[in-house]
Amino acid sequence: VQLQASGGGLVQAGGSLKLSCAASGFAAGRYAVGWFRQAPGKDYEFVAAIPRNSDRTLSADSVKGRFTISRDNTENTVYLEMNNLKAEDTGVYSCAASKTIILSSLRSRSMYAAWGIGTLVTVSS
């Protein structure tokens, strides 16, 4: 079971990036997937999550209206499209898989069993 985040980079404030979380060794469509980020010197912060059936998504207040999470189960990949990026969005973004079906619980890191290697997003102001 592996998850690999990619798509990070350096972008100016106001710019956009699209992150990918590719799953291998398992069918990502059977799991909820969440994105978390960790800024330098800070703890992990929940960003967004999408349940197995993708009927609703969950986002942190700090990214609502700017970030969109989606999934393509045929590609076994979950995406995080980030628009209007701000300096405070800087951090390492990691994706993780969860078996929980309770949407609200996906804000908690403890609900995730499999974590991927993160990708660095740097937003210059």
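Refer to the structure printed above.
This report concerns the structure included in the present document.

Definitions and cut-offs
- Residues numbered from 1 in each chain as written.
- Predicted model: local features only at pLDDT ≥ 70, side-chain atom pairs only at ≥ 80, totals over all residues.
- Heavy atoms only, no water.
- Disulfide = S-S within 2.5 Å.
- Helix = DSSP H or I, 4+ residues; strand = E, 2+ residues; numbered from the N terminus.
- Contact = heavy atoms within 4.5 Å.
- Polar contact = N/O pair within 3.5 Å; in protein donor to acceptor, adjacent residues only side chain to side chain.

**Considering the state of the cysteines**
- Counted according to the given criterion, the structure contains one disulfide.
- Between C21 and C95 runs a disulfide, and the two sulfur atoms are separated by 2.1 Å. Given an S-S torsion of about 80°, the disulfide between C21 and C95 has right-handed geometry. Residue C21 is found in strand β3 (residues 17–24), and its partner C95 is found in strand β9 (residues 91–98); the two are separated by 74 residues along the sequence.

**Some remarks on the environment of N73**
- Checked against the element boundaries, N73 lands in the loop between β7 (67–72) and β8 (77–82).
- With 32 residues separating them in the primary sequence, N73 and S105 have C-alpha atoms 22 Å apart.
- Every residue in contact with N73, bar those within four places of it in the chain, is listed here: A28 and G29.
- At a separation of 3.1 Å, a polar atom in the side chain of N73 contacts the side chain of R71.

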